[in-house]
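Spelled out, the chains give:
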Amino acid sequence: MKLYLHLCFVFLFLMSAFQTSAQTIVKVPQIDLIAYDSRGNYIFYQKQEENAYNRIHLELTNSFFQEKYNLASATSIEIDKDNPSTLEKIKENYQVILKSELKKQSLSDFKSYLSQNTWQVMSKRNDKESPVIFKTINPSLLSLAELRYGYARSGGFGSTYEESPDDHVKKWRPYDVKFLNIVYLEIDPNTYVALLNDSNNDKGIFIPLKNNEVALNNVFESITTKKLNPSDSLARIPEKLILDYFNAMNFFQPKKGDDGKSFLVNSFGDPVLKQSFDSINYNRYFIVGKEAETYTIYKANLEKVKFDSIKSAYLYRSGLEVLEKNGAHYYNYKLEKIEQFPRAVTLYCGTVPFKNYKLVAKENNKNPHRLILEEGHFGGTGFESFLYLKGLNKNQKVTFLDNSISENTDSNSGFSFNNNMPGNILKVEEEGKFGLVSYNLEKAKLHKPKPEYDVFANGDSIEIPSLRIKEGSIKVKEVLPIGFDSIVFNAKEQQVYLYHEGKVGLYPQQEETVYDSIQQQTNSFYYISKNGTKGYLDRKKFIEYLD
């Protein structure tokens, strides 16, 4: 991804005060002058000799694309020495900033200043009804948020959002958010400007001067910004509302080092964190790193989170679920301990492809159970399959895991937090005991369909294949033998419980009952008692932590 800095936009931004990460720094001592116009375009120049300035073309390559296309270098600087311009000529179309006018400060001080402020873009395109503000998320990342005053915005089909008590209260909220990479240009020791890009195009620069700062903006046709008072409602937009729009995969990725450890890098291949891990998981809100048996958690702003003796931890929705010394708990984005997360609402589309499964018992000694599969698109049934279930007898009662004889799935199922278990697992009851069987639709044996004919007006006919209705059989495979006292499917947990002789187990992780008792505490952590000893079970890794 190439970023041409001779045509770009200038933005202000807020940076994180936590210095836990590396950042992308490019040394460009050749810059002696920055020229800009009223639309926010700007150009870098190098002074060749007295009153002769050469234009500088600085090209940065996004490291993701550098590796993909095997590019040799991530940075290149070209100076056009064939067409020098005089200062007077430059001033005919541009305002100028000389290197001597730039503010001298350490990079740490520069970032601290930015981290303590929020700016609003003052432009013709964004009026009082849709102001734009700048905030950094961390030293590698900035957010550019367009705001609207109103109620909570739900999103489009397939989107999921968490309800909040103030959803129906009018307030300033992000309406659209763009996220930009941050690149620091070191012009002289202790002299910096900051560039922004979206991994596709260069988007901005912040230029600190001795007595002021310059914020140019081509997108909104403005060269002015307003530093907001911390008490201003625009400066107090909750960071979570901004991060709700963030796609972390577009800006960060894990990378393996020579030692086999994983570290997180930004779009330019620079480490986001100083530490490497055996494994890294991250989303728009948190980063969870695991080294041996030690967990380290960071917020999106790269501030390290302090927990007491973490045994296991996972990202969960907009927060975390953490197994600590004193038990398993949920934490929200603010790291407040909570009992449950707010209700998640998913917006579904009503006209999507679907499959309906039905179980029918027939008075047939050979194959008494039949599966009917209906498939369709946009509300209408298009295909039907009638399949006898071979391997079951008439004394057995067959249902899906939730005890129903019908199961429905469609394209919306993948968006739901509480999807049903796949329909290819069936529960079988015989003489008060229970077991499980499965079937594979791809191995169904279909009967040759009866011929159908299309008759023309002249009396001729042609045989056409029948695709709408299929008939045949499918053999079931024993998954768990009949013998359990009870098998219960918990749809909310997406977990099957096995019960037998006072013990309980979890399927598919277990095929026998081993616990005295088990109770879910968070999505992944269960409080268990095993042979009289109490403790916790990590359901994802299926590791027990007994007292």
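Use the structure listed above.
Here goes a summary of the coordinates provided.

The rules behind these values
Residues numbered from 1 in each chain as written. Predicted model: local features only at pLDDT ≥ 70, side-chain atom pairs only at ≥ 80, totals over all residues. Heavy atoms only, no water. Helix = DSSP H or I, 4+ residues; strand = E, 2+ residues; numbered from the N terminus. Buried < 20%, exposed > 50% of the residue type's maximum accessible area, 1.4 Å probe, protein only. Pairing = 2+ DSSP bridges. Axes fitted to C-alpha atoms, helices over the stretch in contact; angles between N-to-C directions. Contact = heavy atoms within 4.5 Å. Patch = residues over 30% accessible without salt bridge, like charges linked within 9 Å, V, L, I, M, F, W, Y side chains within 5 Å. Areas by Shrake-Rupley, 256 points an atom, 1.4 Å probe, with all protein chains shown as cover. Salt bridge = Lys/Arg side-chain N within 4 Å of Asp/Glu carboxyl O. Lys, Arg positive; Asp, Glu negative; His and termini not counted. Charge placed at Lys NZ, Arg CZ, Asp CG, Glu CD.

Residue Pro 508 follows Tyr 507 across a cis peptide bond; omega there is 15°. Note that Pro 508 resides in the loop between β42 (503-507) and β43 (517-520). In this structure, Asn 51 takes a positive phi of about 60° despite not being glycine. Locating Asn 51 in the fold gives a position in the loop between β4 (42-49) and β5 (52-61). Note on Asn 51: relative accessible area 30%, which makes it partly exposed.

Next up on the list: the sheet that holds strand β31 (residues 397-400). Reading across from one edge, β31-β33-β34-β39 is the order of the four strands in this open sheet, with antiparallel pairing throughout. Since the sheet does not close on itself, it has two edges, and those belong to β31 and β39 (477-484), each with one partner. Within the sheet, the average angular offset between the axes of one strand and its neighbour, ignoring direction, is 20°. With four bridges joining them, strand β34 (residues 433-438) and β39 adopt antiparallel strand pairing. Across the sheet, the residue bridging to Leu 436 is Leu 480, located in β39.

On to the side chain of Ser 438, then. For Ser 438, the position within the fold is in strand β34. Not counting the four nearest positions on each side in its chain, Ser 438 is found in contact with Asn 424, Ile 425, Lys 475, Val 476, Lys 477 and Val 479.

The next point concerns a positive patch on the surface. Residues Lys 366, Lys 390, Lys 445 and Lys 475 make up a contiguous surface patch of positive charge. On the basis of relative accessible area, Lys 475 is assigned to the exposed category, the value being 67%.

For Gln 105, the position within the fold is in the loop between β7 (95-98) and α3 (107-115). The class of Gln 105 is buried, set by a relative accessible area of 10%. Setting aside its immediate chain neighbours within four residues, Gln 105 contacts Phe 110, Asn 190, Thr 191, Tyr 192 and Pro 208.

Here we come to the pattern of salt bridges. Considering all chains together, one arrives at 17 salt bridges under this definition. Of the charged contacts, one joins Lys 261 and Glu 291 as a salt bridge, the two residues approaching to 2.9 Å between their closest N and O atoms. With Lys 261 in the loop between β17 (253-256) and β18 (262-265) and Glu 291 in strand β20 (residues 286-291), this pair connects stretches of sequence that are 30 residues apart. With a relative accessible area of 21%, Lys 261 lands in the partly exposed category. Taking relative accessible area as the criterion, Glu 291 reaches 25% and is therefore assigned partly exposed. Of the charged contacts in the structure, one is a salt bridge between Lys 433 and Asp 485, with a shortest N-O distance of 2.5 Å. With a gap of 52 residues between them, Lys 433 in strand β34 and Asp 485 in the loop between β39 and β40 (486-490) connect regions that are remote in the sequence.

By the element assignment, Ile 287 lies in strand β20. On the basis of relative accessibility, which here comes to 6%, the residue Ile 287 falls in the buried class. Sequence separation between Ile 287 and Leu 320 is 33 residues, and the spatial gap between their C-alpha atoms is 10.0 Å. When neighbours within four sequence positions are excluded, Ile 287 is seen to be in contact with Leu 264, Leu 273, Ile 280, Asn 281, Tyr 282, Thr 296, Ile 297, Tyr 298 and Leu 302.

Looking at where Lys 325 falls in the secondary structure, it is placed in the loop between β24 (319-324) and β25 (327-331). Not counting chain neighbours up to four residues away, the residues in contact with Lys 325 comprise Asp 308, Ser 309 and Lys 311.

A separate point is the pairing of strand β19 (residues 279-282). Burial along β19 is one-sided: the residues Ile 280 and Tyr 282 are buried and none of Ser 279 and Asn 281 is. Here β19 runs beside β20; their pairing, made up of four bridges, is antiparallel. The residue bridging Ile 280 from the neighbouring strand is Gly 289, located in β20. Between β19 and β20, which pair antiparallel and follow one another directly, the connecting turn spans three residues.

Neighbouring strands of a sheet are bound in pairs by backbone hydrogen bonds; such pairs are parallel or else antiparallel. The strand order across the open sheet built from three strands is β40-β41-β42, with neighbouring strands paired in antiparallel fashion. The open sheet has two edge strands with one neighbour each: β40 and β42. Shown here is a sheet whose adjacent strand axes are inclined to one another by a mean of 25°, direction ignored. Of the pairings in the sheet, the one linking strand β41 (residues 495-500) to β42 comprises five bridges and is antiparallel in character.

Nothing here speaks to function; it is geometry throughout.
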